[in-house]
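What follows is the residue order along each chain.
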Amino acid sequence: MKQLVCVSKTPDTTTNIKLAEGGKALDSAGVNYILNPYDEWYALVRAVELKAVAGGTITVINIGDASNDTVIRKALAIGADDAVRVDMQPGNALSVAKAIADHAKEGGYDIIYCGKESIDYNGSQVGAMLAEYMDLPYVGLGIHMEVEGNSATIKRDIEGGTETVQVNTPFVLSCAKGMAEQRIPNMRDIMSSKRKPIDVISGEITNTSTSISNYDLPAGKASVKMIDPDNMDELVRLLKEEAKVL
Amino acid sequence: MVLVYAENSDGKFKKAVLETVSYGKKTADLMGTECVALVLGNVDDAGQLGKYGASKVIQVNNDALANFDSQTYSKAISAVAENLGAQVVLLNQNSSGVSLTGRVAVRLGADCASGVNSLPSLDGANLQVQKKIFSGKAISNISLTAAKKVISVTGNTIQPEETGSDCPIESMDVEVGSAGVQVVSRDEQTGGPAPLPEAELVVSAGRGMKGPENWGIIEDLANTIGATTACSRPVADVGWRPHHEHVGQTGVAIRPNLYIAAGISGAIQHLAGVNSSKCIVVINKDPEAPFFKAADYGVCADLFDVVPKLTEAIKKTMS
Ligand SMILES: Cc1cc2nc3c(=O)[nH]c(=O)nc-3n(C[C@H](O)[C@H](O)[C@H](O)COP(=O)(O)OP(=O)(O)OC[C@H]3O[C@@H](n4cnc5c(N)ncnc54)[C@H](O)[C@@H]3O)c2cc1C
Ligand SMILES: Nc1ncnc2c1ncn2[C@@H]1O[C@H](COP(=O)(O)O)[C@@H](O)[C@H]1O
């Protein structure tokens, strides 16, 4: 089984977002970057579990600059065998997906994993785009997977429930909570990850017509209106007449 | 021309789809063009989409589309978009939309924005759209400049607006190939209130509840107003509540009209999934609870006392 896991680098979930250059950019000063939790906890760990029974190899791929090597090392410590980094600063999901597809087309991978979304731009786009560039089946929002031979049975989230689907390798999968459990690498894994290879290749930005022109911060809530706990009639009145939500 | 993919659920349209048709109509008006809706498979009364702004409905009937598969569906949507020369294709940002939007964009060689949450603005032939990023902590203004644009719209971005009357339905045959993904079974929650991603009213509770046996007061309040129940992550992790109720960064992201949170501190990862709610009511006994900063209305008191009182007060206004 040859597995490929797409990993991205994101600010950690507690990051306080500040704007720079008058809203043209985000201020990266003091931001702590992590491996995107969906890629790490769910996609990569599921790949590691599958490798333990099915054998084969796990490659991780990242599209980004050298500052991403720290999170790539983390992925190697969790259990990937090797890594590919396509060295570029992609401006949008189309360019990311195309760069992954260009590598993966030659790779002969059976399963290609993505996270449900990167927690920075919350796009949930790369997986489906990648599947289309490769003309492969795609299963989005997977929460459980059983694999037998070349057939996978996957449970995925749908509105108000789940759906179980069957698909044959090769395919692209996005992983959400439930697919696997977070693993903490031990010291030995961390040490041995330092010897695993990161292959850096050059890439080409293929779409420049979709771009973020600037950022805003959400308008803060007007300050909270505190209600006397002994006067719930007042709260109900406000919900009906002022907020108009009841 | 603006093409809206109007997804049907067992032959019916959900409210979010009607919203996207209205969104399509407004986008088409802005561009000085028309809005056409696309329906895949059999639908009762597809012409009703005319009321929400479609000038006509294109219907594609093909056995290969009986079950959802992103490859066949995106082929169908892209083929219709090409046949009609659509400049903009709109989809819903939901569990099928996340598998389709990117695929359709790649097939059409279009620009793409997903999870957009406000109406677009026009800048020459370019569209400018807004999307929340960092789980609502910032907003990005995205400009789409290619000739074709594919956009998925977040639920509750606008309300469906009845502006017209039923419209004609035309059928169209397109090549869709065969499905690589077969649906084996579905396990849907039936009856009861709306599923969380679509709920307009949500009552949620956290560790302040002390134990699963105390949830009766939360359910009473939810039942009284017809709300869906939700919970914080630790409560689902210890098994007090089912996992599908967990909202937040790692759970379901919701945007109801009303979110009532009892005994939840308001950690940043919790807020990430609920901060798009139109109105937030927080019940917490700790005046320093961070959730109060994100709330519209706050009640600082013991929830075991306040929640039943709130339920009573609502019942009174209903009788
Ligand atoms: C990477 C990551 C992802 C996470 N994702 C999520 C997520 O998706 N969703 C999520 O919810 N959390 C998430 N968390 C956890 C989050 O950080 C908080 O730990 C969690 O939200 C706290 O849950 P809580 O508010 O129920 O519990 P607590 O923080 O323990 O708060 C309980 C609250 O109840 C109040 N209270 C107690 N008794 C009463 C009473 N009798 N009457 C009124 N109030 C009372 C207390 O004052 C307190 O404010 C995540 C954490 C991490 C690190
Ligand atoms: N720069 C990147 N390099 C590699 N994989 C990525 C990158 N960005 C996103 N991905 C993958 O695509 C998934 C969805 O990301 P997004 O579409 O940005 O929400 C992530 O969970 C990753 O698996």
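So, how was this worked out
- Residues numbered from 1 in each chain as written.
- Chains lettered and ligands numbered in written order.
- Predicted model: local features only at pLDDT ≥ 70, side-chain atom pairs only at ≥ 80, totals over all residues.
- Heavy atoms only, no water.
- Domains from an automatic or database assignment.
- Contact = heavy atoms within 4.5 Å.
- Buried area = accessible area lost by both parts, 1.4 Å probe.
- Salt bridge = Lys/Arg side-chain N within 4 Å of Asp/Glu carboxyl O.
- Phe/Tyr/Trp six-rings, centres within 6.5 Å; stacked < 30°, edge-to-face > 60°.
- Helix = DSSP H or I, 4+ residues; strand = E, 2+ residues; numbered from the N terminus.
- Lys NZ or Arg CZ within 6 Å of the ring centre and 35° of its normal.
- Axes fitted to C-alpha atoms, helices over the stretch in contact; angles between N-to-C directions.
- Parallel < 35°, antiparallel > 145°, perpendicular 65-115°, else oblique.
- Left-handed = near helix turned anticlockwise from the far one by under 90°.
- Nonpolar A, V, L, I, M, F, W, Y, C, P; charged D, E, K, R; others polar.
- Expected span 1.5 Å × (residues − 1).
- Buried < 20%, exposed > 50% of the residue type's maximum accessible area, 1.4 Å probe, protein only.
- Polar contact = N/O pair within 3.5 Å; in protein donor to acceptor, adjacent residues only side chain to side chain.
- Near = heavy atom within 4 Å.
- Areas by Shrake-Rupley, 256 points an atom, 1.4 Å probe, with all protein chains shown as cover.
- Pairing = 2+ DSSP bridges.

Undergrad: Quick one: what's the story with the domain arrangement of chain B, residue by residue and with numbers?
TA: Residues and elements named next belong to chain B. Split by domain assignment, chain B resolves into domain 1 (2-171) and domain 2 (196-318). Computed over C-alpha atoms, the centres of domain 1 and domain 2 are 32 Å apart. In this assembly, twelve residues from domain 1 lie in contact with eleven residues from domain 2. The junction of domain 1 with domain 2 conceals about 810 Å² of combined surface from both sides, 32% of it contributed by carbon and sulfur atoms. Contact with domain 2 buries surface across domain 1, with K132, S135 and N156 losing the most and accounting together for 53% of the total. Our count for the contact surface shared by domain 1 and domain 2 stands at two salt bridges.

Undergrad: Residue-level account of the packing of aromatic side chains, with values.
TA: Tallied over the full model, the rule gives six aromatic pairs over all chains. An angle of 70° between the planes, with centres 6.2 Å apart, marks the rings of W215 of chain B and W240 of chain B as edge-to-face. One end of the pair, W215 of chain B, is in the loop between β12 (201-205) and α4 (216-225); the other, W240 of chain B, is in the loop between α5 (233-237) and β14 (258-262), and 25 residues separate them in sequence. Taken together, the ring pairs in this structure connect Y38, W41 and Y42 of chain A into an aromatic cluster. The ring of Y33 of chain A has K9 of chain A sitting right over it, with the charged end atom 4.4 Å from the ring centre.

Undergrad: Summarise the packing of helix α2 (residues 70-84) of chain B against helix α3 (residues 97-108) of chain B; cite the residues concerned and give the values.
TA: All names here are of chain B. α3 packs onto α2 with a crossing angle of 50° between their chain directions and a minimal axis gap of 9 Å. For the element pair α2 / α3, the angle class is oblique. At the point where α2 passes α3, the crossing takes the right-handed sense. Across the interface between the two elements, S70, Q71, Y73, S74, K75, I77, S78, A81 and E82 of α2 pack against S99, L100, R103, V104, R107 and L108 of α3.

Undergrad: Help me get a handle on the packing of α4 of chain B against helix α7 (residues 303-318) of chain B, residues and values and all.
TA: Residues and elements named next belong to chain B. Interaxial distance between α4 and α7 falls to 9 Å at its minimum, and their mutual angle equals 20°. Between α4 and α7, the interaxial angle falls into the category roughly parallel. Crossing of α4 against α7: the hand is left-handed. Contacts from I217, I218, D220, L221, T224 and I225 of α4 reach α7 at L303, F304, V307, P308, L310, T311, I314, K315 and M318. Classifying every residue of the contact of α4 with α7 gives eleven nonpolar, two polar and two charged.

Undergrad: Now, about α2 of chain B: what can you tell me, with residues and values included?
TA: Residue and element names in this part refer to chain B. Counted at 1.5 Å a residue, the expected span for α2 with its 15 residues is 21 Å, and the 21 Å between its end C-alpha atoms agrees. Burial analysis of α2 places eleven of its 15 residues in the buried class, the great majority of the element. Regarding α2, the residues found buried are S70, Q71, T72, Y73, S74, A76, I77, S78, A79, V80 and A81. N-cap assignment for α2: the residue whose side-chain oxygen lies 3.0 Å from the backbone N of Q71 is D69. After α2 finishes, the residue G85 shows a positive phi value of roughly 65°.

Undergrad: Break down the site of ligand 1 for me, with residues and values.
TA: By nearness alone, 27 residues border ligand 1, and S232, S265, Q269, H270 and N284 of chain B come closest of all. More than a single chain frames ligand 1: its nearby residues are located in chains A and B. V247 of chain B is positioned such that a nitrogen or oxygen atom in its backbone is 2.9 Å from a nitrogen atom of ligand 1. Protein burial of ligand 1: of its 980 Å² of free accessible surface, 80% is covered by the chains. Listed by contribution, the elements that provide at least two residues to the shell around ligand 1 are α5, α6 (268-274) and α7 of chain B.

Undergrad: Explain the pattern of salt bridges to me, and be specific about the residues and the numbers.
TA: Applying the stated criterion to the full structure yields 29 salt bridges over all chains. Residue D69 of chain A pairs with R85 of chain A through a salt bridge whose shortest N-O separation is 2.8 Å. Taken together, the positions of D69 of chain A in helix α2 (residues 69-78) and R85 of chain A in strand β7 (residues 82-87) put the pair 16 residues apart, joining distant regions of the chain. Across the salt bridge formed by E132 of chain A and R107 of chain B, the nearest N and O atoms sit 2.8 Å from each other. In this pair, E132 of chain A is assigned in helix α4 (residues 126-134) and R107 of chain B in helix α3, connecting two distinct chains. Given a relative accessible area of 36%, R107 of chain B falls into the partly exposed group.

Undergrad: Can you break down the interface of chain B and chain A residue by residue, with the values?
TA: Of the residues lining the interface, 82 residues belong to chain B; the matching set on chain A comes to 72 residues. On the chain B side of the contact with chain A, R103, F134 and Y297 of chain B bury the most area, a combined 11% of that side's loss. Linking chain B with chain A are six salt bridges, by the criterion used here. Of the charged contacts, one joins K309 of chain B and D230 of chain A as a salt bridge, the two residues approaching to 3.0 Å between their closest N and O atoms. Summed over the shared surface of chain B and chain A, the result is 38 residue pairs in polar contact (both at pLDDT 80 or more). If one sorts the elements of the side of chain B that touches chain A by residue count, strand β11 (residues 181-188) of chain B sits on top with eight residues. Tallied by class, the residues present in the side of chain B that touches chain A amount to 33 nonpolar, 31 polar and 18 charged. Note that strand β14 (residues 210-216) of chain A and strand β8 (residues 138-144) of chain B share six bridges and pair antiparallel. Bridging from a neighbouring strand, N214 of chain A pairs with N141 of chain B of β8 of chain B.

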